[in-house]
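Summary of the model geometry
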Amino acid sequence: MGSSRVGQSLKSARQRLGWNREALAYHSGLSVAAITQIESGRRQEVRASSLVALASALGVSVDYLVGSASTVSPALLRHRILEYGSDDEYLATAIPFLTEGIARADCLLMVTAKRHMSLVRGALGDDARHVEFLDAAEWYRSLRDAASGYRTFVRERFERGAPWVRIIAEPVWTGRSETQLAEWFRYESVINLSFASSPTTIVCSYDTRAFPDSVLVNARRTHPEVAGAGAVTSSSYANPADFLMTLE
C-alpha cells in the first residue's frame, strides 16, 4: 500500500495527541524505525496489519490513514423506515430481517412494545433466543440516554466479535406533545450522522393506523431507506442539515 498519504496522516494524528514516535511505538507495537520510515515516505508499502495497529493506537480509522473518501463520507449505517398497517405486514418484514441476521451471526436487538415481542417470539420459535428484547417504554424515557445506549450496545457487541448489528425499534408515542414530537424527529435525523460509521442496520417501525400524516411525513424524511421485501432508497429522505433547519 502506497505511503505518500499514510506518512502525512500518521504524523498529523500522532502530533495531535502530543506523542513522539517512541510513544506511538509503545502503543502500536511497531518499532520507532518503522514509524520513522512510514512518516518520511521511505517505506513505500505498509502492511494492513501495521495500518490497523497504528490506527487503533491513534484512535483513527485506517481509511483516515490511507486518505480514503470513506473518511469524510462514511456509509456503513443502514437506517430504514418500516410502515405497517397490520400485524401480518409487520411480521412480513421483521421476520425475514431477523432470520437473515441469525443466518449471518449478526447481533440482534428489538426495542419495542411487549405485544410486538410476543408476535416476533411466536413467529421465530426457538430462533427467538438469538434476539435480545428490550421494552421501548423504558428505553425511550430519555432520547439522550437512548442514543447513548445504542452506541454502547453497538460498540460492545462489535468488540465481542459480532460482524454486524441489527436493530428493530418502535417509537413510543403515547402522551407526546408537539414539542416532544419535534425532539423525536431531531433524534431520528441526527442518528444518520452520529451512527454513520457504525456497522448497524436500524429499522424503525411506524404503525400507519396510529399516526397522523404529519408524523409519517417526518418519519419518511428522516430515514434514507424504506424497509420491505428488499430495502430501497427513500425518495422522501432529507439530508439532516436541511431537515433540522426546517423543523420547528
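A few points on the structure. Bear in mind the structure is a predicted one, so any value in this text is a computation, not a measurement.

Reading the values: rules and limits
Residues numbered from 1 in each chain as written. Predicted model: local features only at pLDDT ≥ 70, side-chain atom pairs only at ≥ 80, totals over all residues. Heavy atoms only, no water. Pairing = 2+ DSSP bridges. Helix = DSSP H or I, 4+ residues; strand = E, 2+ residues; numbered from the N terminus. Contact = heavy atoms within 4.5 Å. Axes fitted to C-alpha atoms, helices over the stretch in contact; angles between N-to-C directions. Parallel < 35°, antiparallel > 145°, perpendicular 65-115°, else oblique. Nonpolar A, V, L, I, M, F, W, Y, C, P; charged D, E, K, R; others polar. Buried < 20%, exposed > 50% of the residue type's maximum accessible area, 1.4 Å probe, protein only. Salt bridge = Lys/Arg side-chain N within 4 Å of Asp/Glu carboxyl O. Phe/Tyr/Trp six-rings, centres within 6.5 Å; stacked < 30°, edge-to-face > 60°. Left-handed = near helix turned anticlockwise from the far one by under 90°. Core = buried A, V, L, I, M, F, W, Y, C linked by side-chain atoms within 4.5 Å.

**Brief notes about the sheet that holds strand β4 (residues 165-169)**
In space, the 7 strands of this open sheet follow the order β3-β2-β4-β5-β1-β6-β7, with mixed pairing throughout. The open sheet is flanked by β3 (131-135) and β7 (232-233), the only strands paired with a single partner. Relative to strand β5 (residues 200-207), β4 is paired through 5 bridges, and the arrangement is parallel. The residue bridging I168 from the neighbouring strand is V203, located in β5. Taken strand by strand, helix α10 (residues 178-194) contacts β1 (78-84) and β5, and its axis lies near 155 degrees from that of β5.

**Notes on the packing of helix α2 (residues 21-28) against helix α4 (residues 48-58)**
Their axes nearest at 9 Å, the elements α2 and α4 cross at an angle of 110 degrees. Taken together, the axes of α2 and α4 lie roughly perpendicular to each other. Taken together, the residues of α4 that come into contact with α2 (itself represented by L24, H27 and S28) are A53, L54, A57 and L58. Split by residue class, the contact of α2 with α4 holds 5 nonpolar, 2 polar and no charged.

**Some thoughts on unusual backbone geometry**
Residue A105 is not a glycine yet carries a positive backbone phi of 65 degrees. Summarising the element assignment, A105 is placed in the loop between α6 (87-103) and β2 (107-112). For A105, a relative accessible area of 54% translates into the label exposed.

**As for the pattern of salt bridges**
All told, the structure shown has 15 salt bridges when counted by the stated rule. Across the pair E100 and R104 runs a salt bridge whose closest N-O atoms are separated by 3.3 Å. Taking relative accessible area as the criterion, E100 reaches 36% and is therefore assigned partly exposed. In this structure, D106 engages R166 in a salt bridge whose closest nitrogen and oxygen atoms are separated by 2.7 Å. On the criterion of sequence distance, the pair formed by D106 in the loop between α6 and β2 and R166 in strand β4 is long-range, its members being 60 residues apart. Overall, D106 belongs to the buried group, its relative accessible area being 12%. Given the relative accessible area of 5%, R166 is considered buried.

**Overview of the packing of aromatic side chains**
Under the criterion given, the structure shown has 7 aromatic pairs. Taking the centre distance of 5.0 Å and the plane angle of 55 degrees together, the rings of W139 and Y150 count as tilted. A residue pair is termed long-range when its members are at least 10 positions apart, and W139 in helix α8 (residues 136-139) and Y150 in helix α9 (residues 143-159) qualify at 11 residues. We classify Y150 as buried; its relative accessible area is 3%. Taking 6.4 Å as the distance between ring centres and 55 degrees as the angle between the ring planes, the aromatic pair formed by Y140 and Y150 counts as tilted.

**Some remarks on the packing of α6 against helix α7 (residues 114-124)**
Remark: α6 packs on α7, axes separated minimally by 10 Å, with the N-to-C direction vectors making an angle of 60 degrees. Judged on the interaxial angle alone, α7 and α6 are oblique. In this structure, α6 crosses over α7, and the sense of that crossing is right-handed. Residues D87, Y90, L91, I95, L98 and T99 of α6 pack against R115, H116, L119, V120, A123 and L124 of α7. Its residues assigned to classes, the contact of α6 with α7 shows 8 nonpolar, 2 polar and 2 charged.

**So, the nonpolar core**
In this structure, Y140, Y150, F185, Y187 and Y206 are the most contacted members of the largest nonpolar core, which totals 35 residues. Broken down by secondary-structure element, the contributors of at least two residues to this core are β2, α9, β4, α10, β5 and α11 (213-221). Those residues in contact with Y187, other than ones at most four positions away along the chain, are Y140, L143, A146, A147 and Y150. Counting residues in each nonpolar core, the second largest holds 20 residues, with Y84, L91, F97 and M110 among its members.

By themselves, these figures tell us nothing about what the structure is for.
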